[in-house]
Every structure is written in structure tokens, then in C-alpha cells.
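Coordinate analysis (summary)
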Amino acid sequence: MVPKKPKVPSQLSDYQIRMSFAINCQGLHVRYRSKSGKPVEAVSGLSFGVEKGEIVGFLGPNGAGKSSTLKVLMGFIEPYSGSAKVLESESGSIESRSRTGYLPEVAMYYPFLTPFETLTLYGELQGLKGKALRNETFELLERVGLKGSQKKQNRTLSKGMLQRVGIAQSLLGNPELLILDEVTSGLDPIGRRELRALLQEKNKQGTTLFFSSHELSEVSRICDRILIIDKGKLIAERNLKEVEASLSKYLLTYNGETSLFDLSMEFEEDESGNMRASFATKDALIEAIDRVKISGGKVTDIVAEQGSLEDYFLETLGVAA
Amino acid sequence: MKKLLIWKALARGVVLESVRRKDIWVVAILGLLTILSAGALGFFGFSGLELFAKDLGLTVLSIFSTVLAVLASSRMLPDEIKNRTLYPLLARPVSRFDFLFGKFLGAVAVSWISFSLLAAMVAIALFTFGVTFELILIQYAICKMMGLVLVCAFSLALSAYLTPAAATTLSLVLLFGSSMMLRGLTMAALGSPDLAWLYTSVSNLLPQVGLFDLGSRATNQNWTLVPAWVVLALAGYMAIYSTAMLTFSWAKFRRRAI
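From a predicted model like this one, the values you see are computed outputs, not experimental measurements.

**Some words on the overall build of chain A**
Looking only at helices and strands, chain A has eleven helices and 14 strands in total. If you line up chain A on its principal axes, its C-alpha atoms span 80 × 70 × 55 Å. Contacts in chain A between residues at least 24 apart in sequence constitute 67% of all its contacts with a sequence separation of at least 6.

**Regarding the overall build of chain B**
The number of helices and strands found in chain B is twelve helices and zero strands. Its helices and strands taken in sequence order, chain B reads α-α-α-α-α-α-α-α-α-α-α-α from the N to the C terminus. The C-alpha radius of gyration of chain B comes to 20 Å, within 12% of the 18 Å expected for a compact globule of 258 residues. Considering only C-alpha atoms, chain B reaches an extent of 60 × 55 × 35 Å along its principal axes.

**Quick notes on the interface of chain A and chain B**
On the side of chain B, 24 residues touch chain A, which itself brings 25 residues to the contact. Put simply, the parts of the chain that give the side of chain A that touches chain B at least two residues each are helix H3 (94-98) and helix H4 (115-126) of chain A. By residue number, the principal contributor to the side of chain A that touches chain B is H4 of chain A, which donates six residues.

**Some details on the nonpolar core**
Residues Cys-152, Ala-153 and Leu-156 of chain B are the most contacted members of the largest nonpolar core, which totals 135 residues. In terms of residue count, the dominant contributor to this core is helix H6 (residues 96-128) of chain B (14 residues). Ignoring any residue separated from it by four or fewer positions in sequence, one finds Cys-152 of chain B in contact with Ala-69, Ser-73, Phe-104, Ala-107, Val-108 and Ser-111 of chain B. Counting ten residues, the second-largest nonpolar core is a separate cluster that includes Tyr-250, Tyr-254, Phe-279 and Ala-284 of chain A.

**Looking at H4 of chain A**
Residues and elements named next belong to chain A. For H4, spanning twelve residues, the distance from its first C-alpha to its last is 16 Å, which sits close to the expected 16 Å at 1.5 Å a residue. The element H4 is extensively covered by neighbouring structure, given that eleven of its twelve residues are classed as buried. Those residues of H4 that fall on the buried side of the exposure criterion are Pro-115, Glu-117, Thr-118, Leu-119, Thr-120, Leu-121, Tyr-122, Gly-123, Glu-124, Leu-125 and Gln-126. Among the residues trailing H4, Gly-127 stands out with phi positive, at a value near 100°.

**What about the sheet that holds strand S4 (residues 81-86) of chain A?**
Residues and elements named next belong to chain A. The strand order across the open sheet built from four strands is S2-S1-S4-S5, with neighbouring strands paired in antiparallel fashion. The sheet is open, and its two edges are formed by strand S2 (39-51) and strand S5 (89-90), each paired on a single side. Of the strand pairs in this sheet, strand S1 (residues 21-33) and S2 are connected by ten bridges, and their pairing is antiparallel. Bridge assignment links Leu-28 to a residue of S2, and that residue is Leu-46. Against the sheet, helix H2 (residues 66-74) touches S1, S2 and S4, its axis set at about 115° to S1.

**Some thoughts on unusual backbone geometry**
Residue and element names in this part refer to chain A. Residues other than glycine seldom take positive phi values, yet Glu-182 does so here, at roughly 55°. Within the secondary structure, Glu-182 sits in the loop between strand S7 (177-181) and helix H7 (189-204). Of note in this structure, Lys-231 is not a glycine but carries a positive phi near 50°. Here Lys-231 shows up in the loop between strand S9 (225-230) and strand S10 (233-239).

**So, the sheet that holds S7 of chain A**
Residues and elements named next belong to chain A. One open sheet holds the six strands; their spatial order is S6-S7-S8-S3-S9-S10, and the pairing between them is mixed. One side of each edge strand has no neighbouring strand; the edge strands of this open sheet are strand S6 (100-103) and S10. This sheet shows a mean twist of 15° between the axes of neighbouring strands, independent of strand direction. On the sheet, H2 packs against strand S3 (55-59), S6, S7, strand S8 (208-212) and S9 and is oriented at approximately 145° with respect to S7.

What counts, and where the lines are drawn
- Residues numbered from 1 in each chain as written.
- Chains lettered and ligands numbered in written order.
- Predicted model: local features only at pLDDT ≥ 70, side-chain atom pairs only at ≥ 80, totals over all residues.
- Helix = DSSP H or I, 4+ residues; strand = E, 2+ residues; numbered from the N terminus.
- Contact = placed C-beta atoms within 7 Å.
- Rg over C-alpha atoms; globule rule 2.2 N^0.38 Å.
- Core = buried A, V, L, I, M, F, W, Y, C linked by C-beta atoms within 7 Å.
- Buried ≥ 20, exposed ≤ 12 C-beta atoms within 10 Å, placed from the backbone.
- Expected span 1.5 Å × (residues − 1).
- Pairing = 2+ DSSP bridges.
- Axes fitted to C-alpha atoms, helices over the stretch in contact; angles between N-to-C directions.

Put into C-alpha cells, the structure is as follows:
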């Protein structure tokens, strides 16, 4: 009898595709009841995925539905319809929460506990105990810069220090996925730099990062990809390198009669009669310089301009910068 | 085992917060001042002071420990939501029932600690006034502590459905007025046999905290102990009623958007 060959799938099944996602939302709708009793839709048919190992920024104006989406992912609220999976499990399940670290948007920690006691409490709820918990707590407090304040009560700490407590607690138990809501809130520039380094280190160790932030400069420094939502709908999903490339342009000021129409996006003549052309790529700029020189013209100025993520964000939202 | 650790961690957090917030100490000081004022009467030579001091001491103990138990449990859940301390807790692999139960245990622990503290002060004061120790005082304390479990479960259940202020007020009204209400309901049931089932049902729904108060019995000298089966029956009632109240809280809290 000829043994059966194992069945080799010709293409990835939906299940296998989902397996590579740390977060997978499909057609998510979130509704609240307003005080007058009318339903208000905070999230409308949101679908997106975050692959394992990615760093994804979740952007949008106030009231766009970011926090509502993150609350669904953590199981704090139930979606009206649609599905949300976190690390292959239903969002909010014990299984998904045991592998996820979460930093709330505005977190308050018990005012009469110390950062050490706070982390010990969350660690015990995470299933950690004994010496391992104690060591991890000390290590995390040191890592977020709270070593000297570990015995002060939380009520005596500044907003930035409390945010550090929050960041430390989200890292307890070495989670596979970090969901951070307004992660840089309250942190000073030094704190932000330390946080960036910490998050990048965690990502290198394999942790997936999904976070919302209004600090777009921070997002552009750390993210692989961004998702922009507005009025509960996904309006843009872009690789950050592509966005940066699309935002960079080079300005060449020259004189002389040179045809650059096939290379440039736009031209204008300045007050002294020089031509100014802008180019989307460095290659086009170099080609243009060569042509100007060959045709006997003279390059008078070269400027490289890098648009910001803020420009892209505002443009995407249709707001004049 | 894992659940035990979760409940322990949550309960310890509640106790630590409460002790450092100094709620317990304020009540203890108030209790002490009230009892000491009884001592002042003795200074002026009132007769029968022993009995009076004992009655006053046990009443103070009963009232203050109940008030503290109500405050500890009725504010807990709404405060967690209002202060947003709930989010990092429920982001952990903890079910909402475990969260609720751990907090309930914390409230019970706080009320027991404050009761013990007050009881120690009352005991010192009573022995100073020359009151002799009787075994029924121990039985009084055990029953009172069981009653506090009931108080915590009842207040927590109300707080899951009402605002903190409403839950606290209603808890205090129903707990302190329960004996009066039960008497009224019994009279009403006797007065109109057709509606007796309704009055009986309502009285069964109310927490019978009066059953746990052996204060009157303990005040009088040389009264015998309550039989052990009665204490066991009270423990059974406490377990059933508290489980029902916790289930009632969980029914609301388990799907609540936070």
C-alpha cells in the first residue's frame, strides 16, 4: 500500500494568514449610548492587521476612535459587531491578556502604594511570584528611571513619573505584544528618548508594538508603519519609509535654458530671473544638475527639503497645514 | 492556586490603601473618644456605670464597624472606574469575577481589621471601668464579623447598580433600619394574609444583619452562650446571602463597558 503523501497547501489558508498577525481586526464597529440614549458610533467598520514583530503607530485626531479600538483589543468594551483577535485569541480573553502589556491613556495608580508595591501587585496578577517577580520589578523600575523613587507613594510622584510606572507595569512578564495608549504623555524629552530606546530594544527582542500617540515626531522615529483613523474609519495605512520618501523633495535653482520638464514636478521663476525646480528623488536632481551644466547654465542653489509626518497627517485628514 | 494568589494580591492592595489612607484610624479615634466620654461619667460617680459602658462600647463598635464596612465596599468599584485604576488591573489575565471577589475580600479584610482595632479599644476601656470578661463577648465578635461579610457583599452589590452616594446611603438606611423594616413587614404580612407572600419575599431579600448582633445578649451579665448550631446556621446564611450578592454584582459588572 502506497503511503499517503502529506497534503501540501497550495496557498496560505485564512488561518495561517491570521497566525502571523499579532492584531487582526475585521469590520469592527463600536457603539456607545449617549446621555440622551442615542447610539453613537465611535468605530465604524475598522479592519486592519498588525504583524508580529512590527511597530505600528495608530494615529488620528481626538475622538477618532483610537482609544475605543484599543479598549476593544483589551476587552474593556465589547464590539457592536465585527471581530478582533489578539495573538490568535479573542480580544480580551485571558489567553490574549496574559501575553499582552497595556498602558492606558490616562492611568492612575493607587495613590497610597509605592511604585514597587504597584508593580508587585500587577506582577502577581500576571502570575509572577517570589524572587523572579522581585528581581523583575527592581529591574524595570531601574530601567524606567524610578530606582530612587521606588519607595515613595504614587501620590507624591509627578505625572511623568507616574507614566514611567505605567510603562514599567506594561512590560511586566515580558509580553509578546505591547498596546500603548498615548505612550509619550507627560514625558520630558529625556524620558521620551529613554522610552524610545527601551521600546526599540523590546522590539528587537521580538515584541510587537502597537501604540497611539499625538507626538508625531516620536512616531516617525520609531514606527515601521502607521494607521490613520478618523471618525472611526481607517483612512490611511502606509509604510513609514514610503511616507518619508513621498514627503522628501529637492529644490534646484539655476539659470540658463535647460529642459527639465520630464524630471521635475513643478517650476517657478524667482525675482532675479532664476528658475527653481523641485524634484521628488535624488537621482532626478543629479540628472537635472548634469543637464544644466551641459547646456551651459549655472546651478545657484540646491536645497533638500524633508516634509514631516505632521504634514502627511494633516494632508491625509484634509486639514490645511 | 493561581486564583488564590490573584485574590490575595487584590485584597492586600485594598488593605494597604485603606490603612495608609487612615480611614481606619479616624474611626478608631472617634470610637475611643466616645468610649472615654463614658469614663467621664464614672468620674462623677454614676451608679451602674459598668452596664452602661458595656452597652455603649458594643453599640459604638457595632455602628462604626458597619459604617466602615459600608464605606469600604460601596465606594470601591465606582472609585476604581472613576479613578481609572481599573484598567491596568483588568489588562492582566484576571477575570472580572476574580477582580470582584478579590476586591470583596479586601473590603472584608478592611472591615475586620477596623472591627478588631475598635474591639481592642472597647475591651481596654471596658476592663478599665471594671467590666468582667465573659465568653459571650468572643461569640459576639465572631457573629459581628460574620455580619460584616454580609454588609460588604450587600454594599458591593448595590454599588454595581447605583452611584456611590446612592449605594452608600441605601446601604446604611437598609442596614440600620432593617430591624424596623422587618418588624413592619411582619406586621404587614400578619395584617393582610393575601399579600403575606409579598411582604415575606421582600423581608427575605433584605440582609438580616440584626441576626448577627448579639450586643443586647452580651450586655447583660451572666447570659448563656448562643448554641453552636445557631452560629453555624448564621455562617450558612452569611455564605448563601454573600454568594447571592456577589453573583448579583458580577451579573452587572461582567459585561460592563469600562
